[in-house]
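The lines below spell out each chain.
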Amino acid sequence: MTQTIAPRVRTLVLLLLAAACALLAGAAPASAHAALTGSDPRQGAVVDKAPAQVSLTFSESVSMDDDSLRVLDPKGKRVDDGRPSGTGGTTYSVKLHAGLPDGTYTVAYQVVSADSHPVAGAYTFSVGAPSETSVSVSGQAAGGGFVGGLYGVGRYVSYAAFAVLVGGAAFVLACWPRGSGVRVVQRFVVSGWLALTAATLLLLLLRGSYTGSGKAADIFDLSLLGEVLQTKAGAALVSRLLLLAAAALFIAVLFGAYDKREDEEKRDLTFGLAVGGSVVAAGLAATWAMSEHASVGLQAGLAMPVDVVHLIAVATWLGGLTALLVALYRGPADTPVPALAVRRFSRVAFGSVVALVATGTYQSWRQLGSWTAFTDTRYGQLLLVKIGLVAVLVGVAYFSRRWTAQLAEAVPAVAGQRKKERVAASGGRGNDEAKASEKTRASGKTGASEKTAAAAKTGTAEKSGTAAKTDSAERTAAAAKTATAEKGEAAGKTSGAGKASGAGKNSSAGKGSGAGKGSGAGKGSGGSKRAAQLARQRAAVDAARQKRQRDSDPHRFGLRRSVLAEAGVAVVLLAVTTLLTQTEPGRTEEEAKAAGAASAATAAPSTGAVTLDMPFDTGGQNGKGVVRVELDPARVGSNDLHLYVERPDGTAFDIPEVKVALTQKAKDIGPLPVAPDHITTGHWSASQVQIPMAGDWEVAVTVRTSDIDQVTLSKNAQIG
């Protein structure tokens, strides 16, 4: 049963791991908490003369360097002074060079928001009239590419390792103190510490390139690393490394001095370790809370401690769950996870879920702000996925609690059965040993009797020999007696049974027995090796039997399957959580949209109008002057057109005829003629001028100053 179903569940977990990797690999570049809410000049605007500076307004404060805000001319050359500065609040500006010619200019920005995420973008405005530009505004997203993907993987590993470290240690302290001596549990917690340390170092190295150029070559740039250390995110990463040093000391005590204590002595040390571990865990969680979404925006002072509780609750639940899974699958057969430990973890997990729901509800309200943000923003959509995964996880946990209850009921009966089996096995081994001992003693007595009879026959033959051989026979018998005595001593040292058997009723029997045992002494070392080998085989058989008994328990098997399913869902849940931390909150996204719409609405009456100045010279008398065309509001639909004619000195004058035509060459629309009415000296007007679509329109004006002197002028205007 275990061998057929468990691989299927492992396959499911592997598929969930692949899904988590796909989520991270397919994630878009990190969306920032800060959003561009306004600019001056605004996007797509056409102004009469070049502005003295360009200003950008964000939804929150951002950090900038000399290359964070750039203004490029149509040829891609910088026309700003390279020293952006804050003008108050969340508005930042950079001064432009004087005397800029007409054309389309590109504003490109790349900054770091207060919650440590990079923000990048670009837009265009025009001076005089739009023109062609060699600058591309596409591909301005920050935090993408190879470095961005690697940074996202590092963030995921750091979250997962934090859960393993904190959750594994909490599982040992609160649920299974004897687990501190189990090798697989020790390795599990230590692997969490190692992974978190490695991921933190990786993030520290990647940070400069991630928020800057995005080039892999800048990863090991020490100057960038120095700049990162001066930022809030860099300080948080360094603080995390220092706290991990304290966590290493905690782990050494937990798996060292704590493990060697007796159960009664562990209780006193448990309290101290719990307090110290809680402080270290809260400190590690604070390195995220004080540098990311919780540190900025609405109610930041309350949001940061709430975020710390949220992170610890997640780590205790998911990390403890994974520790339980490892102990159930990889724990030694002689130290199985007791039902009491599983029940304790069930209670701890329930408390963690309650804390998770409470803090998650507050965070959702803070980051979304409205019900519509659940469906209208990417953050809300990811949050819905996370809520669904948590619901699935809680549902699977319900079945785990049922298996735990059944396991607790079955444990006493199973323990009694195992005790009977051990007693029966030990009794069987005792009977076998007794029978073997009796056979050995019987064999020893038989050998001694045979050797005594042989010795008696030999003595009779010697006595019936010639007298000349008497002295020689006596010397031979004496030598044989001495040798027999020495062999008897050696045999006695090898086995006490040999000595007892050697004590016969006559000296000849004793000698014979001693000689017999002396020949078995050479085999003593081989017998001890054989006994040791048999003991190892017997221990291996017992361990295999215990493992089969443990795995054949249907309640424990069901618990293992449900916990494995929980762990698989937890893997995907952590991936979605990582994406959430990299996504612009729904509240900020909606506020940015509202601010942009309000800015466009208020700007339409005053700055939405397009003004075009076109100098003319027909070559005749009074043939020089300037034509000014104003189109208001320069949008699709109905517009008002005003035309003014002035002399070079600025005074208005009339001309015999003026005509206007609108053409969009890209769509092959027009020319659309406009016949303005004369209003007063030097002023013509036309109302209800219909422009059918947005885009770049050519405004052509024909000026006639006499019967034969006329000229046609044109400029482009952005409509829409």
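Residues numbered from 1 in each chain as written. Predicted model: local features only at pLDDT ≥ 70, side-chain atom pairs only at ≥ 80, totals over all residues. Heavy atoms only, no water.

### A word on the overall build of the chain
Short version of the rule: The secondary structure listing takes helices from DSSP runs of H or I that are at least 4 residues long and strands from runs of E that are at least 2 residues long, numbered from the N terminus. We call a residue buried when its accessible area falls under 20% of the maximum for its residue type, exposed when it is over 50%, and partly exposed in between, using a 1.4 Å probe and counting protein chains only. Working rule for contacts: check all heavy atoms of both residues, and any pair within 4.5 Å makes them a contact. Here the open area of atoms and residues is found with the Shrake-Rupley method and a 1.4 Å probe, where only the protein chains shown may cover a residue.
Of regular secondary structure, the chain possesses 17 helices and 18 strands. Residue burial in the chain is summarised as follows: out of 720 residues, 42% are buried. Across the chain, contacts joining residues at least 24 apart in sequence account for 71% of those joining residues at least 6 apart. Counting every atom, the chain has about 36,300 Å² of accessible surface; 59% of that belongs to carbon and sulfur.

### Overview of the environment of Ala 355
Tracing the backbone shows Ala 355 in helix α9 (residues 339-368). Since its relative accessible area comes to 24%, Ala 355 is described here as partly exposed. Considered as a pair, Ala 355 and His 310 are 45 residues apart in the sequence and their alpha carbons are 6.9 Å apart. Beyond its immediate chain neighbours, meaning those up to four positions away, Ala 355 contacts Val 309 and Ala 313.

### Side note on empty space enclosed by the protein
Convention followed: Only protein atoms enter the 1 Å grid used here. Points where a 1.4 Å probe fits but cannot escape make up a cavity, open sets with protein on both sides within 12 Å along at least five of seven lines make up a pocket, and a residue lines them when an atom lies within 4 Å of a point. Grid points are joined across faces, edges and corners, and a volume is the space filled by probe spheres set on the points.
According to the stated counting rule, one finds 4 cavities of 30 Å³ or more in the structure shown. The computed volume of the largest cavity comes to approximately 120 Å³. Lining the largest cavity are 14 residues; nearest its centre among them are Tyr 151, Arg 155, Leu 237, Arg 240 and Glu 292. Secondary-structure elements contributing two or more residues to the lining of the largest cavity are α2 (145-174), α3 (183-211) and α5 (232-254).

### Considering the sheet that holds strand β10 (residues 610-617)
Cut-off, in case you're wondering: Strand pairing is assigned whenever DSSP detects at least two bridges linking the two strands. Helix axes use the C-alpha atoms of the stretch in contact, all axes being lines fitted to C-alpha atoms, and the angles between their N-to-C directions lie in the range 0 to 180 degrees.
Pairing within the open sheet is antiparallel, and its 5 strands lie in the order β10-β11-β12-β16-β15. Only two strands of the sheet have a single partner each, and these edge strands are β10 and β15 (677-680). Looking at each pair of strands side by side, their axes are set apart by 25 degrees on average, direction ignored. Sheet topology places strand β11 (residues 624-632) next to strand β12 (residues 637-646); 7 bridges connect them, and they run antiparallel. By the bridge assignment, Val 626 is partnered in β12 with Glu 646.

### Examining the side chain of His 310
With respect to the helices and strands, His 310 occurs in helix α8 (residues 300-330). Judged by relative accessible area, which is 7%, His 310 ranks as buried. Apart from residues no more than four positions distant in its own chain, His 310 is found in contact with Leu 356, Thr 359, Gly 360, Gln 363 and Lys 386.

### Comments concerning a negative patch on the surface
Just so we agree on the cut-off: In this scheme, patches are assembled from residues that exceed 30% relative accessible area and form no salt bridge. Like charges are connected within 9 Å, while nonpolar side chains (Val, Leu, Ile, Met, Phe, Trp, Tyr) are connected within 5 Å. When a carboxyl oxygen of Asp or Glu is within 4 Å of a side-chain nitrogen of Lys or Arg, the pair counts as a salt bridge. Asp and Glu are treated as the negative residues and Lys and Arg as the positive ones, with His and the ends of the chain left uncounted. In plain terms, the charge of a residue is placed at NZ if it is Lys, CZ if Arg, CG if Asp and CD if Glu.
Among the surface-exposed residues, Glu 262, Asp 263, Glu 265 and Asp 268 lie close enough to one another that they form a single negatively charged patch. Note on placement: Glu 262 falls in the loop between α6 (257-260) and α7 (263-289). In this structure Glu 262 comes out as exposed when scored by relative accessible area, which is 55%.

### Thoughts on the pattern of salt bridges
Counted by the stated rule, this structure contains 8 salt bridges. The closest approach of N and O atoms between Asp 81 and Arg 83, which form a salt bridge, is 3.8 Å. Taking the shortest distance from any N to any O, the salt bridge between Asp 613 and Arg 628 comes out at 2.8 Å. One end of the pair, Asp 613, is in strand β10; the other, Arg 628, is in strand β11, and 15 residues separate them in sequence. The partly exposed category is assigned to Asp 613, whose relative accessible area is 27%. Take Arg 628: its relative accessible area is 33%, and that puts it in the partly exposed class. Overlapping salt bridges, with partners in common, bring together Asp 67, Arg 78 and Asp 80 in one network.

### Here we look at the nonpolar core
Cut-off, in case you're wondering: By nonpolar core we mean a set of buried residues, namely Ala, Val, Leu, Ile, Met, Phe, Trp, Tyr and Cys, connected to one another through side-chain atoms within 4.5 Å.
By size, the foremost hydrophobic cluster in this structure holds 71 residues, and its most contacted members are Phe 162, Leu 165 and Leu 254. Put simply, the parts of the chain that give this core at least two residues each are α2, α3, α5, α7, α8, α9, α11 (378-463) and α16 (554-581). Ignoring anything within four residues of it in the chain, the contact list for Phe 162 reads Gly 167, Leu 196, Ala 281, Leu 284, Ala 285, Trp 288, Leu 311 and Ala 315.

### Concerning the packing of α8 against α9
How we decide: For a crossing to be left-handed, the near helix must be turned anticlockwise from the far one by less than a right angle; the clockwise case is right-handed. For this scheme, ten residues count as nonpolar: Ala, Val, Leu, Ile, Met, Phe, Trp, Tyr, Cys and Pro. Four count as charged, namely Asp, Glu, Lys and Arg, and the remainder, Gly too, count as polar.
It is the contact of α8 with α9, at a shortest axis distance of 8 Å, that shows an interaxial angle of 145 degrees. α9 is crossed by α8, and the crossing has left-handed handedness. Considering only residue class, the contact of α8 with α9 consists of 18 nonpolar, 7 polar and 2 charged.

### Re the pairing of strand β3 (residues 53-58)
In terms of strand pairing, strand β1 (residues 36-40) meets β3 through 4 bridges, oriented antiparallel. Of the residues in β3, the one forming a bridge with Leu 36 is Phe 58.

### Structural notes on the sheet that holds strand β18 (residues 710-719)
To summarise the sheet geometry, strands pair through backbone hydrogen bonds and adopt either a parallel or an antiparallel arrangement. Taken in spatial order, the 4 strands of this open sheet run β14-β13-β17-β18, and their pairing is antiparallel. Both edges of this open sheet fall to β14 (669-674) and β18, since each of them pairs with a single strand only. Going from strand to strand, the sheet's axes swing by 20 degrees on average, the running direction of each strand aside. Bridging between strand β17 (residues 695-704) and β18 involves 10 bridges; their strand directions are antiparallel. When the sheet's bridge partners are listed, Glu 698 is paired in β18 with Asn 716.

### Some points on unusual backbone geometry
Cis geometry is adopted by the peptide bond preceding Pro 41, which originates at Asp 40 and carries an omega value of 0 degrees. Mapped onto the elements of the fold, Pro 41 is located in the loop between β1 and β2 (46-47). The step from Gly 670 to Pro 671 runs through a cis peptide bond, and the omega angle for that step is 5 degrees. Locating Pro 671 in the fold gives a position in strand β14. Phi angles above zero are rare outside glycine, and Ala 634 is one such case at about 60 degrees.

### Structural notes on the packing of aromatic side chains
To be explicit about the condition: By convention, a stacked pair of Phe, Tyr or Trp rings (six-membered ring in the case of Trp) has centres within 6.5 Å and planes under 30 degrees apart, an edge-to-face pair has planes over 60 apart, and any other such pair is tilted. Whether a charge sits over a ring comes down to the Lys NZ or Arg CZ being within 6 Å of the ring centre and within 35 degrees of the ring normal.
All told, the structure shown has 10 aromatic pairs when counted by the stated rule. When the centroid spacing of 5.9 Å and the interplanar angle of 75 degrees are considered together, the rings of Phe 171 and Phe 345 count as edge-to-face. On the criterion of sequence distance, the pair formed by Phe 171 in helix α2 and Phe 345 in helix α9 is long-range, its members being 174 residues apart. Exposure remark for Phe 345: the relative accessible area of 6% places this residue in the buried category. Across from the ring centre of Trp 288, 3.9 Å away, lies the NZ or CZ of Arg 240, which sits over that ring. Across the ring face of Phe 653, the terminal group of Arg 647 is positioned such that the distance to the ring centre comes to 4.3 Å.

### Section: the packing of α2 against α5
For any two helices packed against each other, the geometry comes down to the angle between their axes and how far apart the axes lie. Filter applied, for reference: By the definition adopted for this analysis, an angle is roughly parallel if under 35 degrees, roughly antiparallel if over 145, roughly perpendicular if from 65 to 115, and oblique otherwise.
It is the contact of α2 with α5, at a shortest axis distance of 12 Å, that shows an interaxial angle of 30 degrees. Compared by their axis directions, α2 and α5 come out roughly parallel. Considering the relative orientation of α2 and α5, their crossing is left-handed. Here Ser 158, Leu 165, Ala 169, Val 172 and Leu 173 of α2 lie close against α5, whose contacting residues are Arg 240, Leu 244, Ala 247, Phe 250, Ile 251 and Leu 254. Of the residues assigned to the contact of α2 with α5, the class counts are 9 nonpolar, 1 polar and 1 charged.

### Comments concerning the confidence of the model for the chain
Threshold: On a range of 0 to 100, pLDDT expresses the predictor's confidence in each residue.
Within the chain, residue pLDDT values average 76, and 72% of them lie at 70 or more. Taken together, the stretch residues 410-419 has pLDDT below 50 and engages in 4 contacts with residues farther than four places along the chain or on a different chain. In this model residues 599-607 is a low-confidence stretch, pLDDT under 50, and it forms 9 contacts with partners more than four residues away in sequence or in other chains.

### Describing α7
Since the α-helix advances by 3.6 residues per turn, residues separated by three or four positions end up pointing in the same direction. Inclusion rule: What a helix should span is 1.5 Å times the count of its residues minus one. Bend at a given residue is defined as the angle between two axes, one fitted to the seven residues that end at that position and one fitted to the seven that begin there.
In this model, α7 (27 residues) spans 37 Å end to end at C-alpha, consistent with the 39 Å of a helix rising 1.5 Å per residue. At Leu 269, α7 shows its largest kink, close to 35 degrees.

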